[in-house]
Amino acid sequence: MNNVHAKEYSEKPLIEQKIISLEDLRQISSDGNFGFIGQSKNILKIFKMVEKIADRDTTILINGETGTGKGLLARLIHNKSNRNKLPFVKINCGAIPDHLLESELFGHEKGSFTGATNLKPGKFEIADGGTIFLDEIGDMSYDLQVKLLRVLEENEFERVGGCKTIKTDVRIIAATHRNLEEEVKKGNFREDLYYRLFIIPLFIPALQERKSDIPILLSHFLSSHNNNFKTVIHGISNQALNLLMDYSWPGNVRELKNMIERIVALNETGLITFEELPQRLKELNKENVFPIYNISEEGICLNTAVNEFEKQLIIQSLEKSKWVKNKAAKLLHLNRTTLVEKIKRYNLEHCSI
Ligand SMILES: Nc1ncnc2c1ncn2[C@@H]1O[C@H](COP(=O)(O)OP(=O)(O)OP(=O)(O)O)[C@@H](O)[C@H]1O
Ligand SMILES: [Mg+2]
């Protein structure tokens, strides 16, 4: 297992820490960002940008893979803006069929279509004075994009079936997981709307591009799930943390959050260890049992590398056997005395928090 990531968030090598407490995981305070947690360079840059632009009424386009926190970021910008006492209205443009989306956005007059039994105000009217969050804007149809462009440029629209022009004062935040530039090239997204939205682009990198956020997110989710479930999880073993750091997180922060919720709900020991991790992460561990070393020009110290490997296997067997040394010794085909000597040598005595 490599410890490269560990250097990003801890001065002590993880291997010497054995068990990492919630406090160790939490390096900076997350106060002031309304639950948007992060300490990586990329996220700190986003926080800085948010401070700058929150109060300016410019349109913002948030881009990022699914589960990276686009919705949360939109909410953060609204909360930090001087519109925060007025509504934050969210609409998922990808989840609503086209004909309904138009009336959701702009409202409709009574009798404007079958089923329109009453006048209905649209999201642009409801959000007046506040912020409208157009989620998955890349999924909006070409026709509706024209109508949206008009609101963006002239701050006015008509309800479906109506002729009265309604003025609106809303801040627009849009988000998409798609590459809009590519969609423009393919002819799926209007170029004029793209440039109108692209005034302040914010890109949230995938979690695997900012692994130094994992410990602080972990600490945050552990604390909040501890509160929800009235559980007391103190920390995580270094082997389990190393696996979380090595995993690629295709579902990004959402996947991490849901995984931690499941682990906390089922946990009985107060500690997250290798055993509690889902199979897909354990599989990753199997692949990593034999570390790959590249011997550079300067060479490599064979003894150090072998000791490191031995240490990793001892930790793994101790965690697997819940620190029952007889069992751990059996797993390594050693006698108990030899294992105890090695535990002492590597300073691996189990410490509870
Ligand atoms: N930086 C973060 N700090 C705390 N929680 C986060 C963070 N990023 C995401 N989350 C949590 O992860 C989940 C997914 O976030 P969110 O819905 O904002 O992602 P998204 O990018 O909008 O995803 P999708 O594209 O699937 O809509 C939410 O429960 C959110 O609270
Ligand atoms: Mg979202």
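Before reading further, recall that the structure is shown in the block above.
Residues numbered from 1 in each chain as written. Chains lettered and ligands numbered in written order. Predicted model: local features only at pLDDT ≥ 70, side-chain atom pairs only at ≥ 80, totals over all residues. Heavy atoms only, no water.

*Asks:* What is the right way to read the environment of Leu348 from this model?
*Replies:* By the element assignment, Leu348 lies in the segment after helix H17 (336–345). Note: C-alpha distance between Leu348 and Ile315 (33 residues apart in sequence) is 7.7 Å. (Helix = DSSP H or I, 4+ residues; strand = E, 2+ residues; numbered from the N terminus.)

*Asks:* How do you make sense of the packing of aromatic side chains when you look at a structure like this?
*Replies:* Centre-to-centre distance and the angle between the planes together describe a pair of aromatic rings. Taken as a whole and judged by the stated rule, the model has eight aromatic pairs. Ring geometry for Phe88 and Phe133: centres 6.1 Å apart, planes at 25°, overall stacked. Separated by 45 residues along the polypeptide, Phe88 in strand E3 (residues 88–92) and Phe133 in strand E6 (residues 131–135) bring together distant segments of the chain. Residue classification places Phe88 among the buried positions, given a relative accessible area of 16%. The class of Phe133 is buried, set by a relative accessible area of 0%. Joined through ring pairs, the aromatic side chains of Phe106, Phe124 and Phe157 make up one cluster. Across the ring face of Tyr346, the terminal group of Arg345 is positioned such that the distance to the ring centre comes to 5.1 Å. (Phe/Tyr/Trp six-rings, centres within 6.5 Å; stacked < 30°, edge-to-face > 60°. Buried < 20%, exposed > 50% of the residue type's maximum accessible area, 1.4 Å probe, protein only. Lys NZ or Arg CZ within 6 Å of the ring centre and 35° of its normal.)

*Asks:* I tried to follow the sheet that holds strand E9 (residues 171–176) on my own but got confused; where do I start?
*Replies:* In a beta sheet, neighbouring strands pair by backbone hydrogen bonds and run either parallel or antiparallel. Reading across from one edge, E3-E6-E9-E2-E10 is the order of the five strands in this open sheet, with parallel pairing throughout. Each edge of the open sheet carries a strand with a single partner, namely E3 and strand E10 (200–203). Between one strand axis and the next, the sheet turns through 20° on average, direction left out of account. As paired strands, E3 and E6 are joined by five bridges and run parallel to one another. Counted as the bridge partner of Phe88 is Thr131 from E6. Of the strands in this sheet, strand E2 (60–63), E9 and E10 are in contact with helix H4 (residues 41–53), which crosses E10 at around 155°. The sheet contacts of helix H5 (residues 70–80) involve E2, E3, E6, E9 and E10, and relative to E2 the element is tilted by about 150°. (Pairing = 2+ DSSP bridges. Axes fitted to C-alpha atoms, helices over the stretch in contact; angles between N-to-C directions. Contact = heavy atoms within 4.5 Å.)

*Asks:* I keep staring at the site of ligand 1 and nothing clicks. Help me out?
*Replies:* Around ligand 1, a shell composed of 17 residues is seen, among which Ile37, Thr66, Gly67, Lys70 and Lys257 lie nearest. Taking Gly35, its main chain carries an N or O atom lying 3.4 Å from a nitrogen atom of ligand 1. Burial of ligand 1 by the surrounding chains reaches 83%, relative to a free accessible area of 630 Å². Elements with a contribution of two residues or more to the shell around ligand 1: H5, helix H11 (214–229) and helix H13 (252–266). Split by residue class, the shell around ligand 1 holds six nonpolar, six polar and five charged. (Near = heavy atom within 4 Å. Polar contact = N/O pair within 3.5 Å; in protein donor to acceptor, adjacent residues only side chain to side chain. Areas by Shrake-Rupley, 256 points an atom, 1.4 Å probe, with all protein chains shown as cover. Nonpolar A, V, L, I, M, F, W, Y, C, P; charged D, E, K, R; others polar.)

*Asks:* Teacher, can you tell me more about unusual backbone geometry here?
*Replies:* Excluding glycine, residues mostly have negative phi values, and the peptide bonds linking residues are mostly trans. The phi dihedral of Phe34 falls on the positive side, at around 45°, and the residue is not glycine. Take Phe34: it is sitting in the loop between helix H3 (22–25) and H4. Unlike most non-glycine residues, Glu136 shows phi in positive territory, near 50°. Assignment of secondary structure puts Glu136 in the loop between E6 and helix H8 (142–154). Accessibility expressed as a relative area gives 15% for Glu136, which makes it buried.

Take it as geometry only, folks, not as evidence of what the structure does.
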